[in-house]
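Descriptive structure summary
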Amino acid sequence: MSQPIAELEKVLTQLVAEHGQLLKCVDAHASAMRTMAVADLAAAGSAIEQSRTRIMFLEGRRRLAIAQIVRLHKVPPTASLAEIAAAAPQYKLSLLKLRDQLKALTTQIARKTNVSGKVAGALLGHLNTAVRLIAGAVKQANVYTKQGTPSTRQRIGVMEAVA
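Structure report, in brief. (Residues numbered from 1 in each chain as written. Predicted model: local features only at pLDDT ≥ 70, side-chain atom pairs only at ≥ 80, totals over all residues. Heavy atoms only, no water.)

Focus: the overall build of the protein chain
Formally: Each helix is a run of H or I in the DSSP string that is no shorter than four residues. Each strand is a run of E no shorter than two, and both are numbered from the N terminus. Only protein chains enter the accessibility calculation, which uses a 1.4 Å probe. A residue is then buried if its area is under 20% of the maximum for its type, exposed if over 50%, and partly exposed in between. We call two residues in contact when some of their heavy atoms are within 4.5 Å. Surface accessibility in these figures is a Shrake-Rupley result with a 1.4 Å probe; residues are shielded only by whichever protein chains are displayed.
Counting its secondary structure elements, the protein chain contains five helices and zero strands. Each helix (α) and strand (β) of the protein chain, taken in turn from the N terminus, gives the series α-α-α-α-α. With 163 residues in all, the protein chain has 26% of them scored as buried. Contacts spanning at least 24 positions in sequence make up 67% of the contacts within the protein chain whose residues lie at least 6 apart. As displayed, the protein chain has an accessible area near 11,300 Å², and 63% of this comes from carbon and sulfur atoms.

Dropping the structure here:
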């Protein structure tokens, strides 16, 4: 009768381990971004994608275990893990401990990926500006200043601003 709950506990343990691995990969990616090591960025990005794929697979197994628990223990389909743990008191402590570990890991991952996303967005914004300046310089033949930059007109017309 508690076989699906034991399966849920096993899957949650694997999810905690995989999220821990994902956190290490996110840390490696962030340090590679700080040092601008392109090879390390590619390796960390690949490792992150592999970890995400494994997490998606484990999430499918978790949902299947929850569906079995819902049928066997007559808990509502929207039951929280605390409610499921209350249905099987012998697994309550371990399930709640795994829940807390998973919450802590996902919070850390979310915080670190948010910072990395902002850094990447700022970097892409600067790159976009540089590419636009270069494209504008190449698009129109201009006279160059003493500093080596193309001189541009002071006023941009409406049609040029739209293009």
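Examining unusual backbone geometry
Here the phi dihedral of Met36 falls at roughly 55 degrees; this positive angle occurs in a residue that is not glycine. Within the secondary structure layout, Met36 lies in the loop between helix 1 (3-35) and helix 2 (38-73). One non-glycine residue with positive phi stands out, namely Lys74, at about 55 degrees. Looking at where Lys74 falls in the secondary structure, it is placed in the loop between helix 2 and helix 3 (81-87).

Examining the nonpolar core
So the rule is basically this: Buried Ala, Val, Leu, Ile, Met, Phe, Trp, Tyr and Cys residues that are joined via side-chain atoms within 4.5 Å together make up what is termed a nonpolar core.
The biggest cluster of nonpolar side chains holds 30 residues, and the ones touching the most others in it are Leu8, Leu12, Leu15 and Leu95. Only helix 1, helix 2, helix 3 and helix 4 (92-139) provide two or more residues apiece to this core. Counting residues per element, this core draws most heavily on helix 1, which supplies ten residues.

Examining the environment of Arg99
Considering the arrangement of structural elements, one finds Arg99 in helix 4. A relative accessible area of 26% means that Arg99 is categorised as partly exposed. Residues Arg99 and Leu15 lie 84 residues apart in sequence; the distance between their C-alpha atoms is 10.0 Å.

Overview of the pattern of salt bridges
Inclusion rule: Criterion for a salt bridge: a side-chain nitrogen of Lys or Arg within 4 Å of a carboxyl oxygen of Asp or Glu.
Taken as a whole and assessed by the stated rule, the structure comprises seven salt bridges. The salt bridge involving Asp27 is made with Lys112; its shortest N-O contact spans 2.7 Å. Here Lys112 lies in helix 4 and Asp27 lies in helix 1, a separation of 85 residues in the sequence. The class for Asp27 is partly exposed, based on a relative accessible area of 31%. The partner of Arg62 in a salt bridge is Glu59, and the shortest N-O contact between them spans 2.5 Å.

Details of helix 1
Stated precisely, the cut-off is as follows: What a helix should span is 1.5 Å times the count of its residues minus one.
Here helix 1 spans 48 Å end to end across 33 residues, near enough to the 48 Å set by a 1.5 Å rise per residue. After helix 1 finishes, the residue Met36 shows a positive phi value of roughly 55 degrees.

Description of the packing of helix 1 against helix 2
Rules: Here an angle of 0 to 180 degrees is reported between the N-to-C directions of two axes, which are lines fitted to C-alpha atoms, with helices fitted over the stretch in contact. Under this scheme an angle from 65 to 115 degrees is roughly perpendicular, one under 35 degrees roughly parallel, and one over 145 degrees roughly antiparallel; angles in between are oblique. Two helices cross in a left-handed way if the nearer one is turned anticlockwise from the farther one by less than a right angle. They cross in a right-handed way if the turn is clockwise. The residue classification treats Ala, Val, Leu, Ile, Met, Phe, Trp, Tyr, Cys and Pro as nonpolar and Asp, Glu, Lys and Arg as charged. All others, Gly included, are polar.
One way to put it is that helix 1 packs onto helix 2 with a least axis distance of 8 Å and a crossing angle of 160 degrees. In terms of orientation, helix 1 lies roughly antiparallel with respect to helix 2. Seen from above, helix 1 lies across helix 2 with left-handed handedness. Considered class by class, the residues forming the contact of helix 1 with helix 2 number 22 nonpolar, eight polar and eight charged.

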